Amino acid sequence: MKVAVVGTGYVGLVVGACLAEAGNDVACADVSSEKIDGLRKNQLPIFEPGLDTLVERNQEEGRLRFTTDVGAAVEASEIVFIAVGTPPDEDGSADLQHVLAVAETIGDHMNTPKIVITKSTVPVGTAEKVRRAIAGRTSEKFHVCSNPEFLKEGAAVEDFMKPDRVVVGVDSPEAAEIVSELYAPFVRTGKPLLFMDIPSAEMTKYAANAMLATRISFMNQIAELCEQVGADVTLVRKGIGSDARIGSAFLFPGPGYGGSCFPKDVKALIRTGDACGVSLDVLKAVEDVNARQKRRIFEKLHEAVEGNLHGRRVAVWGLAFKAETDDMRESPAIDLIRALLDAGATVRAYDPQAVDNARHVFGDRIEYAEHAYDAVTGADALTIVTEWLEFRNPDFGRLKSLLKTPLIVDGRNLYEPARMRQLGFRYVGIGRGEGA
Ligand SMILES: NC(=O)c1ccc[n+]([C@@H]2O[C@H](COP(=O)([O-])OP(=O)(O)OC[C@H]3O[C@@H](n4cnc5c(N)ncnc54)[C@H](O)[C@@H]3O)[C@@H](O)[C@H]2O)c1
């Protein structure tokens, strides 16, 4: 099938590359000429495991091309995905300006009947706005669908290739048939392709992210309580996660959720609720808890050094909002580093992938280490923000000899407190009993 994907970011690039891998003829279009120039040379603007191979292979085989000419990409396609960003507006609601700008471009270039699929996360009612924006500019026949994306950064290719489910809101049986054909290669193992009305599909994406964010904030509060009552949240997590009604995923306490989706989607859903007179109190609490949680690593360190951070040197392991991505949007590392700088500390940070993005945020206000051990050399404490694999089993002897003071504040509970004590570290985790 001939497909255009408009917006070549974390989502659009994965969608385009995976659809090309399945044999489709895909044009990825973006307004950023820098991104498109790089992609033509197989230089990816993001780090996503396995994506570079797909981009290179499919470009070479002629199934995938990159262009800044959105109109031409639309004209050459039967199916157009809108995968541009939907950042929060000033009041927290989703800003639809990019989505609607693309819809207008599609309307201007509707040379043949097409299916227009919204992949961006958008509030209920957006597909209808897209339909109106296109219809105002063409008399050609078209269908509008809502196909929210559930991929996880860091496992995006795998998630797109083998989704748990694909959700599609459709306006007609004809659209459903074409979308079924497009997705058939990805649901061969019997995973459901769920067709529904468009508002339900739009709502499903927000409800899914809101549920996941709720689990995280819930566990972060349980962790806080564990600290007060002398329980260990890692054991409590196993205890509740083995209940089939609860399940074990998304129960890890940590430094608070970040990334480009949960914070903005929770906010947008709250605004949608407020606008229709439904106060989403659970989600308001989820947001508040998360805002507090993002200060926890700093507070624990502050307490451990008795408030004396001025002039101290602090190592930060991990800048990305989670492992296996370079994405720093809303990362808890940003909150931690800002608080450290405000307290007069100096920061030396290490991340295997996110340093370039960190330079955009902090410039030369912090130092960037080439290796994990470089970051800790001479530091008064090590803080851990991201659960990168390489942090999980370091050479503790080396770590101890490089740190000026053997103090670790671990926002991801990567190590065993008893072992760390035995090794001579002062080790502070999240929710791990008294003093954790
Ligand atoms: N990142 C994720 O993990 C994820 C997962 C599921 C859903 N989503 C949703 O998918 C959407 C895209 O997210 P993302 O993380 O890929 O965003 P992104 O910021 O990485 O990419 C968006 C891209 O759209 C381009 N763009 C903006 N306006 C354009 C226009 N008028 N024409 C052509 N290109 C344009 C930008 O240059 C950018 O490259 C959002 O709605 C997001 O909520 C994201």
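None of these values were measured; they are calculated from a predicted model.

### Overview of the overall build of the protein chain
A count of helical and extended segments in the protein chain gives 18 helices and 14 strands. Taking 22 Å as the expected radius of gyration for a compact globule of 436 residues, we find that the protein chain reaches 23 Å, a close match to that expectation. Each of the three principal axes of the protein chain carries a C-alpha extent, and together these read 70 × 45 × 40 Å. Within the protein chain, the fraction of its 436 residues that count as buried is 53%. Put simply, 73% of the contacts in the protein chain that link residues at least 6 apart link residues at least 24 apart. For the protein chain, the exposed surface amounts to about 19,000 Å²; the carbon and sulfur share of it is 50%.

### Quick look at the sheet that holds strand β12 (residues 381-384)
Strand order in this open sheet of 6 strands is β11-β10-β9-β12-β13-β14, and the pairing throughout is parallel. Two strands bound the open sheet, and with one partner strand each, they are β11 (367-368) and β14 (426-428). Direction of pairing for strand β13 (residues 407-410) relative to β14: parallel, over a ladder of 3 bridges. When the sheet's bridge partners are listed, valine 409 is paired in β14 with valine 428. Sheet strands touched by helix α14 (residues 332-342): β9 (313-317), β10 (346-350) and β12. Its angle to β9, the strand with the most contacts, is close to 175°.

### Digging into the packing of helix α9 (residues 198-229) against helix α10 (residues 233-241)
It is at 9 Å that the axes of α9 and α10 come closest, and there the two elements cross at 130°. Here α9 lies oblique to α10, going by the angle between them. Considering only the axes of α9 and α10, their crossing is right-handed. Side by side, α9 and α10 meet where Met219, Ile222, Ala223 and Cys226 of the first sit next to Val233, Val236, Arg237 and Ile240 of the second. In the contact of α9 with α10, the residues fall into 7 nonpolar, no polar and 1 charged.

### Observations concerning the nonpolar core
Ranked by size, the top nonpolar core spans 54 residues in total, and within it Trp317, Leu340 and Leu399 carry the most contacts. In terms of residue count, α14 provides more of this core than any other element does, 6 residues in total. Sequence-distant contacts of leucine 340, defined by excluding residues within four places in its chain, comprise Phe298, Leu301, Leu309, Val314, Val316, Ala345 and Val347. Judged by nonpolar contacts, the second largest core, of 40 residues, contains Val157, Ala176, Leu182 and Phe186.

Cut-off values and rules
- Residues numbered from 1 in each chain as written.
- Predicted model: local features only at pLDDT ≥ 70, side-chain atom pairs only at ≥ 80, totals over all residues.
- Heavy atoms only, no water.
- Helix = DSSP H or I, 4+ residues; strand = E, 2+ residues; numbered from the N terminus.
- Rg over C-alpha atoms; globule rule 2.2 N^0.38 Å.
- Buried < 20%, exposed > 50% of the residue type's maximum accessible area, 1.4 Å probe, protein only.
- Contact = heavy atoms within 4.5 Å.
- Areas by Shrake-Rupley, 256 points an atom, 1.4 Å probe, with all protein chains shown as cover.
- Pairing = 2+ DSSP bridges.
- Axes fitted to C-alpha atoms, helices over the stretch in contact; angles between N-to-C directions.
- Parallel < 35°, antiparallel > 145°, perpendicular 65-115°, else oblique.
- Left-handed = near helix turned anticlockwise from the far one by under 90°.
- Nonpolar A, V, L, I, M, F, W, Y, C, P; charged D, E, K, R; others polar.
- Core = buried A, V, L, I, M, F, W, Y, C linked by side-chain atoms within 4.5 Å.

As far as function goes, none of this settles anything; it's purely spatial.
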